[in-house]
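Structural features, examined
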Amino acid sequence: MVGGAADRSGEKAEQFKKLALPHLDAVYTLARYLMRSASDADDAVQECYLRAFRHFDTFRGGPIKPWLMAILRNSCHDIYVDTTSLVYTRENIGEDTEATSANPMWREDSETPEQIVLRRHASETMRRLIDELPTEFRETIVLREINDLSYRDIATIIEVPIGTVMSRLARARVMLRDAWLATESGSECR
Amino acid sequence: MNCEEVTILLHALIDGELDAGNAREVEAHVEICPNCAAQLQNFQDLRKALMSSSLRFAAPKSLLARIEGKLPAPGVTRANRRSVIRSFAFGATASALAASGLLVIVMRADDQRNILGEVVSAHLRSLQAQHLTDVLSTDQHTVKPWFNGRLDVAPPVVDLTAQGFTLLGGRLDYVDAKPVAAIVYRRRVHVINLFCAPAPGEAARSAVMESRQGFNVRHWRENGINLWAVSDIAADELEEFGEKFEAALRQ
């Protein structure tokens, strides 16, 4: 209402910081899983926040976290384009049909759930297993399980229908669980 | 519902994304299908393993400093609490709101500067994105527990069907970048949203009516919870809703 341009720009920065900086760890976490490198993650997050601030005027209110995540994702893409060849492995995308196909998506395991859940699991192992997922599935499971976003938000961030979010999440969990079980059953040998 | 459908939908069940009807169907199938039951258990175990693992990363302090260093210097002014009332301005989107609705918001007392704009956005989203409810139930004892673990406040959920306000369900939403509970009611064809967040330690405050661009707003605070009611129904009807809501809570 009152005050010069400098005041408004400072005010805008304050408002932006107040809204966006509380999500820094969540944004950084997604960056770590997408980039799989601490220094690349740093760059992506910094780029994300600077872009977000530049476009803060276009932020229409509502939840800012999904908005930041979408920008972060683009920042990661751009950095990836600069540094490596390809993020997304198209052949790995099953999309909707594959997830509902007749192929068994899980092993018919004789282990009881209790046996599985009662085992010790190292966070490092789980991080590594997530890192090993193809990008589409990695980002979906990180957004859901670690950043705790709704299907609707995830669909907005990765720009796919909610049905695709559901099928990717289903496949991601199958892959992750199989990898996890494999690690667990092999752990006695270590 | 067959195994193929359940294979996908059980994930939505685990994630609390299924409406009550589909959730019941999945659960009914799981009860009679050992294979799907095993799958469900299986993925719940994976979820537990994920949740008990330390998978988040903390951003380095140096990164925060780098970002802050590149943003404009902090402004000198900060809105005080009194400006909250003055900032009851709806966004231009309000005129685009063809659907009628009522919003009751319960939220933290701070960061209220753009709340009405946020409220209208949240309300518009709920109507336009076909995402009015996460949990669809006319039973307050189903809606209230759904929020357990999703929010650090137990939202007040009361059945006002007898008073002419039908409970439709609940939804997790965001206002001012904070998660809030949205309880959804209906008055005739009017949709009613109820958002909930804590205002710990803050004194009760009696209702204040506001009106902007066709919306009526009723704000009050009770039991450490901020409540905001927004609607395009008549002010006296909104007042009636608020009074009956408060009365039912006290019972």
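If you're wondering where the values come from, they're calculated on a predicted model, not measured in any experiment.

Calculation rules
- Residues numbered from 1 in each chain as written.
- Chains lettered and ligands numbered in written order.
- Predicted model: local features only at pLDDT ≥ 70, side-chain atom pairs only at ≥ 80, totals over all residues.
- Helix = DSSP H or I, 4+ residues; strand = E, 2+ residues; numbered from the N terminus.
- Buried ≥ 20, exposed ≤ 12 C-beta atoms within 10 Å, placed from the backbone.
- Contact = placed C-beta atoms within 7 Å.
- Nonpolar A, V, L, I, M, F, W, Y, C, P; charged D, E, K, R; others polar.
- Core = buried A, V, L, I, M, F, W, Y, C linked by C-beta atoms within 7 Å.
- Pairing = 2+ DSSP bridges.
- Expected span 1.5 Å × (residues − 1).
- pLDDT = per-residue confidence, 0-100.

Points about the overall build of chain B
Counting its secondary structure elements, chain B contains eight helices and eight strands. Per-residue burial over chain B gives 42% buried out of 251 residues. Pairs at least 24 residues apart make up 64% of the contacts formed inside chain B by residues separated by at least 6 positions.

Remarks on the interface of chain B and chain A
With 48 residues of chain B at the interface, the matching set in chain A holds 50 residues. Breaking the side of chain B that touches chain A down by element, the ones donating at least two residues are α1 (3–14), α3 (34–52), α4 (61–70), α6 (115–128) and β3 (166–175) of chain B. No other element matches α3 of chain B, which puts nine residues into the side of chain B that touches chain A. The residue inventory of the side of chain B that touches chain A, partitioned by class, reads 24 nonpolar, 13 polar and eleven charged.

So, the nonpolar core
Core analysis: the biggest nonpolar cluster contains 64 residues, and V27, L30, A31, V45, L68 and L72 of chain A have the highest contact counts within it. Broken down by element, this core gets its largest block of residues, nine residues, from helix α10 (residues 162–186) of chain A. With residues near it in sequence (within four places) discarded, V27 of chain A still touches V45, C48, L68, M69 and L72 of chain A. Grouped together as the second largest cluster of nonpolar side chains are 41 residues, W146, V157, L238 and F241 of chain B included.

Thoughts on unusual backbone geometry
All names here are of chain A. Positive phi outside glycine occurs at R36, with the angle close to 60 degrees. The phi dihedral of D148 falls on the positive side, at around 60 degrees, and the residue is not glycine. Mapped onto the elements of the fold, D148 is located in the loop between α8 (135–146) and α9 (151–158).

So, the environment of L21 of chain A
All names here are of chain A. By the secondary structure assignment, L21 is in the loop between α1 (5–20) and α2 (24–35). A count of 16 C-beta atoms within 10 Å places L21 in the partly exposed class. As a C-alpha pair, L21 and Y49 span 28 residues in sequence and 8.6 Å in three-dimensional space.

A look at the pairing of strand β5 (residues 190–196) of chain B
Residues and elements named next belong to chain B. Within β5, six of the seven residues are buried, leaving the element largely enclosed by the surrounding structure. Of the pairings in the sheet, the one linking strand β4 (residues 178–187) to β5 comprises seven bridges and is antiparallel in character. When the bridges of β5 are listed, Y185 appears paired with I192.

Concerning α3 of chain B
Counted at 1.5 Å a residue, the expected span for α3 of chain B with its 19 residues is 27 Å, and the 27 Å between its end C-alpha atoms agrees. Listed as buried for α3 of chain B are C36, Q39, L40, N42, F43, D45, L46, A49 and L50 of chain B.

Considering the confidence of the model for chain B
All names here are of chain B. When the pLDDT values of chain B are averaged, the result is 74; 76% of them are 70 or greater. Mean pLDDT across the elements of chain B bottoms out in helix α5 (residues 83–86) (34) and peaks in α4 (91). Predicted confidence for residues 75–113 stays below pLDDT 50, and this span has 108 contacts to residues more than four positions away or in other chains. Scored as a complex, the prediction yields pTM 0.52 and ipTM 0.75.

Thoughts on the confidence of the model for chain A
Residue and element names in this part refer to chain A. Of the residues in chain A, 71% reach a pLDDT of 70 or more, and the chain-wide mean stands at 76. pLDDT under 50 marks residues 85–111. Its contacts with residues more than four places away, or in other chains, come to 32 contacts. Segment residues 115–120: pLDDT under 50, and eight contacts once partners within four positions in sequence are set aside and those in other chains are kept.

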